Amino acid sequence: MNKNYYITTPIYYPSAKPHMGHAYSSIVADFFARFKRINGYKVFFLTGTDEHGLKIQRAAEKNKKKPLEFCDEISQTFKELSKTLNLSNNEFIRTTELRHHESVKKLWNILEKKGEIYLSQYSGWYSVSDEAFYSDEEIENKNGTKVSKSSGSLVEWVEEESYFFKLSNWQEKLLKFYEKNPNFILPKSRKNEVVSFVKSGLKDLSVSRKSFSWGIQVPTNKDHVIYVWLDALTNYISALNYPDTDNNLYKNYWPADLHMIGKDILRFHAVYWPAFLLAADLPTPKRVYGHGWILSGEEKMSKSKGNILDPLEIINDYGLDQLRYYLLKEVSFGNDGNISKEKLISCINSDLANNFGNLCQRVLSFTEKNLSLIVPNPENFNNDDLKILNNFTNNYNELIEFVDNQNINSYMNFIVDQMFNGNKYFNDQEPWKKKNNQKRLNTIIYTSLELIRKISILLYPVIPNASLKALNIFNIKEKMINIETITNNKFLNPGEKINKINILFNKVDSND
Ligand code: MSP
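Cut-offs applied
- Numbering of residues starts from 1 in each chain and follows the order in which that chain's sequence is written.
- Per-residue local features are limited, in this predicted model, to residues with pLDDT of at least 70; the limit for side-chain atom pairs, both in listing and counting, is 80 or more; totals at the level of whole chains, interfaces and linings are taken over all residues.
- The basis for the side-chain values is all heavy atoms of the structure; hydrogens and waters are excluded.
- A pocket here means an open set of points on a 1 Å grid, computed over the protein atoms alone, that has protein on both sides within 12 Å along at least five of seven lines. A cavity is instead a set of points where a 1.4 Å probe fits but cannot get out; residues with an atom within 4 Å of a point line either one.
- Grid points are joined across faces, edges and corners, and a volume is the space filled by probe spheres set on the points.
- Runs of E in the DSSP output that reach at least two residues are strands. Runs of H or I that reach at least four are helices, and both are numbered from the N terminus.
- Put simply, Ala, Val, Leu, Ile, Met, Phe, Trp, Tyr, Cys and Pro go in the nonpolar bin, Asp, Glu, Lys and Arg in the charged bin, and everything else, Gly too, in the polar bin.
- In these notes, residues near a molecule or strand are those with any non-hydrogen atom within 4 Å of it.
- Two N or O atoms count as a polar contact when they lie within 3.5 Å, although within protein this holds only if one can serve as hydrogen donor and the other as acceptor, and sequence-adjacent residues are included solely when both atoms are side-chain atoms.
- Residue exposure ignores everything except the shown protein chains as possible cover, and the areas themselves are Shrake-Rupley values with a 1.4 Å probe.
- As a rule, the C-alpha atoms of each element are fitted with a line to give its axis, helices using only the stretch in contact, and angles between N-to-C directions run from 0 to 180 degrees.
- Less than a right angle of anticlockwise turn of the near helix away from the far helix marks a crossing as left-handed, whereas a clockwise turn marks it as right-handed.
- Should any heavy atoms of two residues lie within 4.5 Å, those residues are counted as being in contact.
- The span one expects for a helix is its residue count, reduced by one, times 1.5 Å.
- Per-residue accessibility, obtained with a 1.4 Å probe over protein chains only, is compared with the maximum for each type, and a residue is labelled buried under 20%, exposed over 50%, and partly exposed between these values.
- For this quantity, the arc is that covered by the directions from the helix axis to the C-beta atoms.
- Pairing between two strands requires that DSSP report at least two bridges joining them.
- Aromatic pairs are defined between Phe, Tyr and Trp rings, using the six-membered ring for Trp, whenever the two ring centres lie within 6.5 Å; interplanar angles under 30 degrees are classed as stacked, those over 60 as edge-to-face, and all others as tilted.
- Residues grouped as a nonpolar core are buried Ala, Val, Leu, Ile, Met, Phe, Trp, Tyr and Cys residues, joined through side-chain atoms within 4.5 Å.

**Student:** Account for empty space enclosed by the protein, with residues named and values stated.
**Tutor:** By the definition in use, this model includes one cavity of 30 Å³ or more. Approximately 50 Å³ is the volume found for the largest cavity. Tyr-12, His-22, Ser-26, Thr-47, Phe-78, Leu-81, Ser-82, Leu-85, Leu-87 and Phe-92 are the residues that line the largest cavity. Those elements giving two or more residues to the lining of the largest cavity turn out to be helix H1 (20-38) and helix H3 (67-84). Examining the composition of the lining of the largest cavity, we find that three residues originate from one element, H3, more than from any other. When the residues that make up the lining of the largest cavity are grouped by side-chain class, the tally is six nonpolar, four polar and no charged.

**Student:** Explain the site of the ligand to me, using residue names and the numbers behind them.
**Tutor:** Surrounding the ligand, one finds 25 residues, the nearest of these being Ile-11, Ser-25, Asp-50, Gly-262 and Ile-294. Tyr-13 places a main-chain nitrogen or oxygen 3.1 Å from an oxygen atom of the ligand. Between the ligand and Gly-262 there is a distance of 2.9 Å, counted from an oxygen atom to a backbone nitrogen or oxygen. Burial of the ligand by the protein chains amounts to 95% of its free accessible area of 650 Å². By residue class, the composition of the shell around the ligand is 13 nonpolar, nine polar and three charged.

**Student:** I'd like to hear about the packing of H1 against helix H14 (residues 383-404), residue by residue, with values.
**Tutor:** It is at 11 Å that the axes of H1 and H14 come closest, and there the two elements cross at 140°. As H1 packs across H14, the resulting crossing turns out to be left-handed. Residue-level inspection shows Phe-31, Phe-32, Phe-35 and Lys-36 of H1 in contact with H14, the latter providing Leu-399, Ile-400, Val-403 and Asp-404.

**Student:** Give a description of helix H6 (residues 188-199) that names residues and reports values.
**Tutor:** Helix length check: H6 (twelve residues) gives 16 Å between terminal C-alpha atoms against 16 Å at 1.5 Å per residue, within 8%. Of the positions making up H6, those classed as buried are Arg-190, Lys-191, Val-194, Val-195 and Val-198. Summarising the axial view, the buried residues of H6 lie within an arc of 140°, below the 170-degree limit, and thus occupy one face. Those residues of H6 that are exposed and angled more than 90 degrees off the buried face are Glu-193 and Lys-199. The secondary structure elements touched by the buried residues of H6 are helix H5 (171-180), strand E9 (185-186), helix H10 (266-279) and strand E15 (288-291). Directly beyond the C-terminal end of H6, a positive phi value near 110° is found at Gly-201.

**Student:** Hey, could you go over the sheet that holds E15 for me, with residue numbers and the actual values?
**Tutor:** Strand order in the open sheet formed by six strands is E3-E2-E1-E14-E15-E9, and the pairing between neighbours is parallel. Every other strand in the sheet has two partners, leaving strand E3 (91-94) and E9 as the edge strands with one partner each. With respect to the sheet, H10 is in contact with E9, strand E14 (258-262) and E15, its orientation differing from that of E14 by roughly 140°.

**Student:** So what's going on with the environment of Ile-314? Which residues, and what values?
**Tutor:** Tracing the backbone through its elements, the reader meets Ile-314 in helix H11 (residues 311-318). For the pair formed by Ile-314 and Leu-111, sequence separation is 203 residues and the distance between their alpha carbons is 45 Å. Those residues in contact with Ile-314, other than ones at most four positions away along the chain, are Met-20, Gly-319, Leu-323, Ile-339 and Leu-344.

**Student:** Any chance you could break down the packing of aromatic side chains for me, citing the residues and the numbers?
**Tutor:** As enumerated under the stated definition, the model contains 31 aromatic pairs in all. Note on Tyr-118 and Phe-164: the rings are 5.7 Å apart at their centroids and 15° apart in plane angle, and the pair reads as stacked. Taken as a pair, Tyr-118 in strand E4 (residues 117-127) and Phe-164 in strand E8 (residues 156-165) lie far apart in primary sequence, 46 residues in all. Residue classification places Tyr-118 among the partly exposed residues on the basis of a relative accessible area of 29%. Relative accessible area serves as the criterion here: at 9%, Phe-164 is assigned to the buried category.

**Student:** Break down the nonpolar core for me, with residues and values.
**Tutor:** Grouped together as the largest cluster of nonpolar side chains are 98 residues, with contacts concentrated most on Phe-32, Tyr-325, Leu-327, Tyr-411 and Val-462. With 13 residues, the single largest contributor to this core is helix H13 (residues 341-371). Excluding residues that lie within four positions of it along the chain, Tyr-325 makes contacts with Glu-330, Cys-347, Asp-351, Leu-352, Met-412, Val-416, Met-419, Leu-459, Val-462 and Ile-463. Residues Ala-132, Val-207, Val-271 and Leu-277 belong to the second largest nonpolar core, which totals 85 residues.

**Student:** Can you explain H1? Please cite residues and give values.
**Tutor:** With 19 residues, H1 should reach 27 Å at 1.5 Å per residue; the first-to-last C-alpha distance of 27 Å fits that figure. The element H1 is largely enclosed, with a buried count of 18 among its 19 residues. Positive phi shows up at Gly-40, right after H1, with a value of about 90°.

**Student:** Go over the environment of Ser-129 with me, naming the residues and quoting the values.
**Tutor:** Following the sequence through the fold, Ser-129 ends up in the loop between E4 and strand E5 (132-134). Look at Ser-129 and you get partly exposed, because its relative accessible area is 35%. In sequence terms Ser-129 and Val-155 are 26 residues apart; their C-alpha atoms lie 8.4 Å from each other. For Ser-129, the residues in contact, after removing those within four places along its chain, are Tyr-13, Lys-55 and Ser-153.

What follows is the structure, given as structure tokens:
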């Protein structure tokens, strides 16, 4: 069985500093990367920045900087954000790196040699903000200007010589490809949109620009730079050292298991990208998941709308794990979501502090007072103990499936239920009344410690910092975490010393 797993985030435009939407894509991808690792997979998790094109060139000009100098600065803030978000990415790719240039040029050469690219004349609409070409049907008039119907961004008229990729040739093959790979595009609702777009007829795609120079030159024609999306998408294989297809990274990890992206860029990933790869005789990724947007009020966040939520501010005010927990639990995955302070505070206070944090503190103080922080020897488990412990064993396969189907919410609901059940168990069993029945007291505490261990393991992909702190109670270090151990009811060794921990989550006063 192939135990390698390759997951990617979109590579972000360093046209302005990162916002919550970017943080969201990255946190979600990190959840999957971390889960797969504790499920025994060798994971390669990639993120990075998308640095070419007119959008970046103009942003640099506006800031009176050379494009590369500008990208160096902003790309660095994305790199720092990856650290701040505690992403477990193995690589951070920048499309201005030489290795990426080589990879894009090679792909171009293959496509050109295969007759998939030809020179002609482009005339049509272009949105610099989306770096996308739009047909007449895809634009509308708004307040006297022309904008894209889907993104609302301004379009301008472009007429210039351009290379075209024969996308129209791939229409039928793409439809067959979607049919053969029914889970290639998720969620299902988004897949339907893509399929109808392809069915409605694909036109050849302009894949070069002549009127500006910030990009990778077309190898056979120095007057053109390669279309930024053909350039950007190739990052997913450049990071694996393509065109060297014999090296281990490429051999082990391509095709990618999951491109995690926002719904706004589904067309590029689910139509253009597989078409380029099929045309170049390269394997296609296994899945593209288009998540929803984090809205600011009712709208998508964007620099031009001036409604940016800054992830750093929220992290400063509430904490990183608190934000990660909120985004993974409260946003219905696949749909748009909102960040509301009330809901964030309620998550922190009820789920993290009162439920999980409280369970850890109560059980630990009791174990300290009554058992000197030594794991007790359990007697036979009774039905109450088994019921709660076996929940993990009985749902183990389902939990793995939830993650494999990107069903984050069911995974989170399971955890929340177990946190609640854990506290209820401790309350109902009343170990403080069992001081004259040492054997029963031992079993209750052993069971409670096992519950904390199991829940902490499940929380690792969600809130890695807090989970590691909690697992430190049992001297379980990051490298040792294995999801399968949640099916073991007797993982902890009686007689072993456990460690006290500081309060995991402070409650937040809603007036703060
Ligand atoms: N550079 C391209 C992606 C190239 S991938 C080969 C790009 N960059 S972006 O910086 O504009 O946005 C990248 C991703 O950030 C979006 O696809 C989406 O995943 C995420 N988000 C940007 N704004 C968002 C929200 N408001 N909400 C959630 N995610 C959104 O597109």
